[in-house]
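# Tertiary structure, described
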Amino acid sequence: MINGNATQVSQKTIETFFNAVKNSGPKLIYAIIIFIVGLYLCKLLKKYSKNIILKYNVERGVANFASYAVYGVGLIIVIMTCLDMINFPVQSFMTVMISLIGVIGLSLGLAFKEILSNLGAGMIILFFHPFKTGDYIGGSGVEGTVADIQIFSTILKTPDNKAIIVPNFKLTSDNIINYTHQEKRRIDFSFSVSYDTNIKLVKDVLDKIFKEEKRILEDPKPIIGLNTLGENSMQIVARPWVKTDDYWSVYFDVMEKVKTKFDENYIKIPFPSRVIYHKNCEDDIKN
């Protein structure tokens, strides 16, 4: 019964619209011109409102959300103005639209469940700030630098300059690792050395490298120690702290220095050993 009434209302609204268009005369041309100009102005308003909001150091994602809201409101005003020009009953149209939304709301909710979920997740990201533009994050099986936070999705830029578009719901429904949220970050080094290596020598070499590297922080103090005793080697771990922005540059520089200093002090990094069993060796030799 409800669906039948909604169909009748829709048909009546469409007939009213076409009658208004047919009887509008020259006003229809003016309405079309105003609609085109208004659409262009709404796009400009969206762009400039975003730039103005960003000047106040507002998060880029919030600025995006606000600019889209401004665009939507402006577009509704333009459409209502154009309908009024051709003598279309705007008030009755709004009443019809509200009733239609109420009738088909459940159907739309089911059909656009994923879209609505992404919209809600986008609002959670914008207002609770688990990450912001410029952060390096990992989540939903991917990681990268946050390039943009949009209403329905977040765009990540990978270190090799690929763009990953992740639906917001996937990010908020899983664990998010924000690698750049804190000012300091620990680098976890692990080095395998042979059993005939002097452990104190290794620790002294690493400690000297860390002290000479000015980007490594003195507080917290770096940790250096024997971690595990494996079948063919010992594992030494070294954990210095650096500023988050210096993480990768320090990592690569220290790794290079460690290789050089290990060679100078004859500290051996053992090769992995393998045992190979040959079956039917005599047959292999004969063949």
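A short tour of the structure in this document, coming up. (Residues numbered from 1 in each chain as written. Predicted model: local features only at pLDDT ≥ 70, side-chain atom pairs only at ≥ 80, totals over all residues. Heavy atoms only, no water.)

### Topic: the pairing of strand E2 (residues 142-149)
- Sheet topology places strand E1 (residues 136-139) next to E2; four bridges connect them, and they run antiparallel. Each bridged residue has a counterpart across the sheet, and for Ile137 the counterpart in E2 is Gly144.
- Here E1 folds back onto E2 in antiparallel fashion, the turn holding two residues, of which Ser140 has a positive phi close to 60 degrees.
- Where E2 lies against strand E3 (residues 153-157), four bridges are found, and the strand directions are antiparallel. Note on E3: the bridge partner recorded for Val146 is Leu156.
- Where E2 folds back on E3, the antiparallel hairpin that results is connected by three residues. (Pairing = 2+ DSSP bridges. Helix = DSSP H or I, 4+ residues; strand = E, 2+ residues; numbered from the N terminus.)

### Some details on a nonpolar patch on the surface
- Together, Ile29, Tyr30, Ile33, Val37, Tyr40 and Leu41 make up an exposed nonpolar region whose accessible area comes to about 630 Å².
- Examined against the element boundaries, Ile29 turns out to sit in helix H2 (residues 27-54). (Patch = residues over 30% accessible without salt bridge, like charges linked within 9 Å, V, L, I, M, F, W, Y side chains within 5 Å. Areas by Shrake-Rupley, 256 points an atom, 1.4 Å probe, with all protein chains shown as cover. Salt bridge = Lys/Arg side-chain N within 4 Å of Asp/Glu carboxyl O.)

### Description of the sheet that holds E2
- Reading across from one edge, E4-E3-E2-E1-E5 is the order of the five strands in this open sheet, with antiparallel pairing throughout. In this open sheet, the two edge strands, each paired with only one partner strand, are strand E4 (163-167) and strand E5 (177-178).

### Points about H2
- Over its 28 residues, H2 runs 40 Å from end to end, which matches the ideal 40 Å to within 8%, given 1.5 Å per residue.
- Looking only at H2, the buried set comprises Ala31, Gly38, Cys42 and Ser49. (Expected span 1.5 Å × (residues − 1). Buried < 20%, exposed > 50% of the residue type's maximum accessible area, 1.4 Å probe, protein only.)

### Quick word on the nonpolar core
- Judged by nonpolar contacts, the single largest core of 21 residues is most densely connected at Leu206, Phe210, Val254 and Phe262.
- Counting residues per element, the ones that place at least two in this core are strand E7 (189-193), helix H7 (199-212), strand E9 (234-239) and helix H8 (247-264).
- Residues contacting Val254, with those up to four places away along its chain left out, are Phe189, Ile209, Phe210 and Ile216.
- Counting residues in hydrophobic clusters, the runner-up holds nine residues, among them Val146, Ile149, Leu156 and Val166. (Core = buried A, V, L, I, M, F, W, Y, C linked by side-chain atoms within 4.5 Å. Contact = heavy atoms within 4.5 Å.)

### What to know about the pattern of salt bridges
- The full count for this structure, using the stated rule, is eleven salt bridges.
- Note that Glu213 is salt-bridged to Arg215, the shortest N-O span being 2.8 Å.
- As a salt-bridge pair, Lys261 and Glu264 come within 3.6 Å of each other at their nearest N and O atoms. One end of the pair is Lys261 and the other is Glu264, both in helix H8 and three residues apart, which spans about a single turn.
- Classification of Lys261 as partly exposed rests on a relative accessible area of 27%.
- When its relative accessible area of 48% is taken as the criterion, Glu264 is described as partly exposed.
- Taken together, the shared-partner salt bridges connect Glu213, Arg215, Asp253 and Lys257 into one network.

### Side note on the side chain of Ser194
- With respect to the helices and strands, the residue Ser194 is situated in the loop between E7 and H7.
- Polar side-chain contacts of Ser194 include one of 2.5 Å to the side chain of Asp196. (Polar contact = N/O pair within 3.5 Å; in protein donor to acceptor, adjacent residues only side chain to side chain.)

### Structural notes on the pairing of E1
- Burial of E1 is two-sided: the residues Tyr136 and Gly138 facing one way and the residues Ile137 and Gly139 facing the other way are all buried.
- The pairing of E1 with E5 spans two bridges and is classified as antiparallel. Looking at E5, one finds that Gly138 is bridged to Ile177.

### Some remarks on the packing of H7 against H8
- Their axes nearest at 10 Å, the elements H7 and H8 cross at an angle of 140 degrees. Taken together, H7 and H8 sit at an angle that is classed as oblique. The two elements H7 and H8 meet at a crossing, and its hand is right-handed. When H7 is examined against H8, the residues Val202, Val205, Leu206, Ile209 and Phe210 are found in contact with a partner set consisting of Val254, Lys257, Val258, Lys261 and Phe262.
- Along the lines of polarity and charge, the residues of the contact of H7 with H8 split into eight nonpolar, no polar and two charged. (Axes fitted to C-alpha atoms, helices over the stretch in contact; angles between N-to-C directions. Parallel < 35°, antiparallel > 145°, perpendicular 65-115°, else oblique. Left-handed = near helix turned anticlockwise from the far one by under 90°. Nonpolar A, V, L, I, M, F, W, Y, C, P; charged D, E, K, R; others polar.)

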